[in-house]
There are 2 protein chains.
Amino acid sequence: MEPIRLDDSGAAGFVSPQKLFSLEDRVEMAHRALHGKTGPGNEYLEWLDWPETMDPQEMARLTAVARHLRESSDALVVIGIGGSYLGARAGAEMLLSPFWNELSGKVRRGPRLYWAGHHMDSRYISALLKQLDGQDVSVVVISKSGTTIEPGLAFRFIHKYMMERYGREKAARRIVAVTDAKKGLLRDLALAEGFERFSIPAGTGGRYSVLTPVGLLPLAIVGVDVQKVLEGARWARKWYGTMGYTRNDTWRYAAIRHLLYRQGIKLEALIHYDPSLRGLGAWFQQLFAESEGKGGKGLFPVSLQYTTDLHSMGQYLQEGERHIMETAVLFDEDRSPLVIPATEPDRDRLNYIAGRTLEEVNQKAAQGTREAHIKGGVPYLAIHVPQATAEYFGALTYFLMKTCALSSYLLGVNPFDQPGVEAYKTHMFRLLNRPES
Amino acid sequence: MEPIRLDDSGAAGFVSPQKLFSLEDRVEMAHRALHGKTGPGNEYLEWLDWPETMDPQEMARLTAVARHLRESSDALVVIGIGGSYLGARAGAEMLLSPFWNELSGKVRRGPRLYWAGHHMDSRYISALLKQLDGQDVSVVVISKSGTTIEPGLAFRFIHKYMMERYGREKAARRIVAVTDAKKGLLRDLALAEGFERFSIPAGTGGRYSVLTPVGLLPLAIVGVDVQKVLEGARWARKWYGTMGYTRNDTWRYAAIRHLLYRQGIKLEALIHYDPSLRGLGAWFQQLFAESEGKGGKGLFPVSLQYTTDLHSMGQYLQEGERHIMETAVLFDEDRSPLVIPATEPDRDRLNYIAGRTLEEVNQKAAQGTREAHIKGGVPYLAIHVPQATAEYFGALTYFLMKTCALSSYLLGVNPFDQPGVEAYKTHMFRLLNRPES
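Each chain has its residues counted from 1, following the order in which its sequence is written. Throughout, the order in which chains and ligands are written sets their labels, letters from A for the former and numbers from 1 for the latter. pLDDT decides what is reported in this predicted model: residues at 70 or higher carry local features, side-chain atom pairs at 80 or more are listed and counted, and totals for whole chains, interfaces and linings draw on all residues regardless. Heavy atoms from the whole structure form the basis of all side-chain values; hydrogens and water molecules are not counted.

## Regarding the packing of aromatic side chains
Describing an aromatic ring pair means giving the distance of the ring centres and the angle of the ring planes. Going by this rule: Classification of ring pairs uses Phe, Tyr and Trp, with its six-membered ring standing for Trp, and accepts pairs whose centres are within 6.5 Å; under 30 degrees between planes counts as stacked, over 60 as edge-to-face, and the remaining range as tilted. Distance and angle both matter: a charge sits over a ring if NZ of Lys or CZ of Arg is within 6 Å of the ring centre and within 35 degrees of the ring normal.
Tallied over the full model, the rule gives 30 aromatic pairs over all chains. The cationic tip of Arg434 of chain A hangs over the ring face of Phe429 of chain A; the distance from NZ or CZ to the ring centre is 3.7 Å. Above the plane of the ring of Trp239 of chain B lies Arg247 of chain B, whose end atom (NZ or CZ) is 3.9 Å from the centre.

Dropping the structure here:
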């Protein structure tokens, strides 16, 4: 594979080479702490070698189960929230048609895809249940413990629906649980009902689980070649396991964003020019916000879709408060070349670009934005991804997880805990009078 | 109508009553400058009285054209970007089914809705053109000047497609242009081809145009009662035209966010617990980012969807850098009451909330989050909207536009210009070797 490259030339005017150079030792320490499993949160490092250590027999079982569900379903409902949802969504949006659910079955060759359990909106659940009527439905329910209330409630509604439609036993054959191997409410429920099960590795937190069955199973059911996802991640594990700024771009990315944060930058905007990366942006936000946003620290991660958001947030990026850095994710390949037609007469005055591809114009917009924002005082990084394929989805997510872990260690926080996420739940459960368990 | 109310009790611990009280004079000055049309950008204040001044005959023509297109189309393509797109999208997402395009024609009773011209992704346009095959198509193309490159290029592809499918004349009867009344490339093109036309009021900028044909025409075609949208806005114009903190909640909202900004808050997160408000969040981001983000100033607006994003950004909100305020938009009505079923045995241990509605749990999550975040140091405002209807869509957008104009005047910037949005275009056009015009 061609490597994913970080172009940091757009940050050169904002970070001094000396500072960057002198940080390399600390990045090396972070790298050694990660690989030596000596840093904080070291019980959650199974993701680091996972692309090599995932059991091939388990992978074979996963693809077999996925094939069966794909062939017997018009609709797949994936129930999960946070790390049990965003990875699969990122992959599906990057790799499937933007109109997936509207395509005819022949073109899709995989079930329609519906998310649930990612919020508690009753109108959405009501509409979803109506939408499933007349379709053959499979369900993947993803929760490490089974106690998270959003997927728990969604599964209650959907399990009831499935039992009413198919009967208890047949429904059970259409439901797969992805959960802890040894304990938890969802595991117990799956055992009692006879659902097929896949395990969330005990040593992997939700936001680092995209390459485990959490991300791979839903993607496999809609037809993504998940062997290739894992191959890409295996390549990335090797390539970004090396030492030094020159070879390992996760080192430079982690170092530069850290230096910018120390210099007063408050936000990192992950930007892209391809709407299929919206899901990756949301996944990135969780990865970095939960890993770094603690102890009063951390860059606030936002996700912007250009050129769309240049026509909404662009004014601010150009001239608002100077506390933002941009990191672009750019595909180097044009997945669907489309030549701009000429018209006669040239009423919209666009004939000067007729005959060129739309993607070429999109790329010029990206270059123009880069120049304008750097001039406006926005440090700019670019992650070049050679192709928009399953392999590179695996490689890119691994690249970003590795960067995030290094960056968190530089910041001095544990990248693998999330002590703050319980706070709202505690208040909510009190308000709901939940019995002590 | 019941008023839209701002609950500012969650900001009480962060803003001193004295400071708030002593700012009221300046808010009054801003209000007077706005209504007296004596402030910066006063040539762009047509939106302020628009709910009263819109020509009823023009409204009747709009609804008649919309009805005709609705009845003769399976698919509506709306071409626009920024302010020519986000308002209609906000309304459509708030008021249509979350699975609109997948519904059967009988249930929808309006065309499928597709956006275009909001980016330059070739894969999207290719997929869209395929998707239109076999459907009867109408097109609304929205651009004040007709020179914006994204909608310009999208229209080139789609106009060509329409002419190939329907022939030039019949295609023209399926295309409506919303553009400047007196000049511009799109106006000229529409005249030459014989498209139906609606005008963007000359004294209204894009991000303040949601209540003009820019927002109303696409909404009317998919079946939204746009008379009610305008009625709601008329009500809001009156209610929020009054003076003083006590009656006029836009005054307090503008004042509190201004004081928080002065105290070091850098971001305002518009949050909601209803996924149908995602589009409103994107519209809000443009409104505030373009109005305030200039001269090195302004709160950076972000949009978060809870409880989804509590499982991604929640950790940061609770414990990351303390530079964030939250403003919740909450519907007081439950649009689709859904009772949580009991199960036997209680394997997921959720029977303690069986018999309650899902919305009640969602509301407890909102209250719990409010308490947790305030304790964590996040100032919290809540905008209570009595119902999720067309009237309140009109009232809410007016409420937010009014707040934004006041807030910008407090900040000392012109809310109606966007000097920074041309920068990337200038670079892009140079890279594309655009001929001088």
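There's plenty left to go through after this.
## Some remarks on the nonpolar core
Heads up, the rule is: Side-chain atoms within 4.5 Å link the members of a nonpolar core, which is a set of buried Ala, Val, Leu, Ile, Met, Phe, Trp, Tyr and Cys residues. Only protein chains enter the accessibility calculation, which uses a 1.4 Å probe. A residue is then buried if its area is under 20% of the maximum for its type, exposed if over 50%, and partly exposed in between. In what follows, residue pairs with any heavy atoms lying within 4.5 Å of each other are defined as contacts.
Judged by nonpolar contacts, the single largest core of 330 residues is most densely connected at Ile149 of chain A together with Ile149 of chain B. Setting aside residues up to four positions removed in sequence, Ile149 of chain A forms contacts with Met120, Met428, Phe429 and Leu432 of chain A together with Leu350, Tyr352, Ile353 and Val361 of chain B.

## Observations concerning helix H1 (residues 17-35) of chain B
What counts, and what does not: Each helix is a run of DSSP H or I of at least 4 residues and each strand a run of E of at least 2, with the numbering of both proceeding from the N terminus. What a helix should span is 1.5 Å times the count of its residues minus one.
Compared with the 27 Å implied by 1.5 Å per residue over 19 residues, the 27 Å span of H1 of chain B between its first and last C-alpha is a close match. Immediately downstream of H1 of chain B, the backbone of Lys37 of chain B shows phi near 55 degrees, a positive value.

## What to know about helix H2 (residues 46-53) of chain A
Residues and elements named next belong to chain A. This is how the line gets drawn: The arc refers to the directions leading from the helix axis to the C-beta atoms.
All of the buried residues along H2 are Trp47, Leu48, Trp50 and Pro51. All buried residues of H2 fall inside an arc of 165 degrees around its axis, so they share one side. In this fold, the buried residues of H2 make contact with helix H1 (17-35), helix H10 (213-221), helix H11 (226-239) and helix H16 (390-411).

## Quick notes on the relation of the copies chain B and chain A
Keep this limit in mind: The least-squares superposition of copies is restricted to C-alpha atoms, and to residues with a pLDDT of at least 70 in both copies.
The two copies are related by a screw operation: chain B maps onto chain A through 180 degrees of rotation and 0.0 Å of translation along the axis, at an RMSD of 0.0 Å. What the rotation and shift describe, once combined, is the action of a two-fold rotation axis. Residues of chain B ranked by C-alpha distance from the rotation axis are headed by Glu102 of chain B, positioned 3.1 Å from it. In this assembly, 100% of the residues forming the interface of chain B have copies in chain A that are likewise at the interface, indicating an isologous arrangement.

## A short note on the sheet that holds strand E10 (residues 380-385) of chain B
All names here are of chain B. As a reminder, the rule being used: Two strands form a pair only when DSSP identifies at least two bridges running between them. For every element, the axis is a line fit to its C-alpha atoms; helices are fit only across the contacting stretch, and the angle between N-to-C directions ranges from 0 to 180 degrees.
Taken in spatial order, the five strands line up as E1-E10-E9-E7-E8 in an open sheet, and their pairing is mixed. Every other strand in the sheet has two partners, leaving strand E1 (5-7) and strand E8 (300-305) as the edge strands with one partner each. Here the strands of the sheet are splayed against their neighbours by 20 degrees on average, with no regard to which way each runs. Two strands pair when backbone bridges link them, and strand E9 (residues 324-331) and E10 are joined in this way by six bridges, in the parallel orientation. Considered in E10, the bridge of Glu326 is made with Tyr380.

## Some words on the pairing of strand E3 (residues 112-116) of chain A
Looking along a regular strand, one sees the side chains alternate between the two faces of the sheet. Residue and element names in this part refer to chain A. Extensive coverage of E3 is indicated by the burial of four of its five residues. Pairing of strand E2 (residues 75-79) with E3, which is carried by five bridges, proceeds in the parallel orientation. Across the sheet, residue Val77 finds its bridge partner in E3, namely Tyr114.

## What about the interface of chain B and chain A?
Applicable threshold: When two components associate, each loses some accessible surface as probed by a 1.4 Å sphere; the sum of these losses over both components is called the buried area. In what follows, salt bridge is the name for a side-chain nitrogen of Lys or Arg lying within 4 Å of a carboxyl oxygen of Asp or Glu. Whenever two N or O atoms come within 3.5 Å, that pair is a polar contact, provided that in protein one can donate a hydrogen and the other can accept it, and provided that, for residues adjacent in sequence, both atoms are side-chain atoms. For this classification, Asp, Glu, Lys and Arg are treated as charged, while Ala, Val, Leu, Ile, Met, Phe, Trp, Tyr, Cys and Pro are nonpolar and the rest, including Gly, are polar.
Contacts between chain B and chain A engage 125 residues on the former and 125 residues on the latter. Taken together, both faces of the contact between chain B and chain A bury some 10800 Å²; the carbon and sulfur share is 64%. Sorting the residues of chain B by area buried against chain A places Arg123, Arg156 and His311 of chain B first, and these three jointly supply 9% of that buried surface. There are ten salt bridges connecting chain B and chain A. Note that Arg156 of chain B is salt-bridged to Asp348 of chain A, the shortest N-O span being 2.7 Å. Where chain B touches chain A, the interface holds 57 residue pairs in polar contact (both at pLDDT 80 or more). Considering each element in turn, the side of chain B that touches chain A owes the most residues, twelve residues, to helix H15 (residues 358-375) of chain B. Class assignment for the residues of the side of chain B that touches chain A results in 57 nonpolar, 37 polar and 31 charged.

## Quick word on the pattern of salt bridges
One pass over the structure, following the stated rule, counts 53 salt bridges over all chains. As a salt-bridge pair, Arg61 of chain B and Glu196 of chain B come within 2.7 Å of each other at their nearest N and O atoms. Linking Arg61 of chain B in helix H3 (residues 56-71) with Glu196 of chain B in strand E6 (residues 196-199), this pair joins segments that are 135 residues apart in sequence. In this structure Arg61 of chain B comes out as partly exposed when scored by relative accessible area, which is 28%. Given a relative accessible area of 34%, Glu196 of chain B falls into the partly exposed group. Sharing partners across several salt bridges, the network here consists of Lys37, Asp49, Glu52 and Arg237 of chain A.

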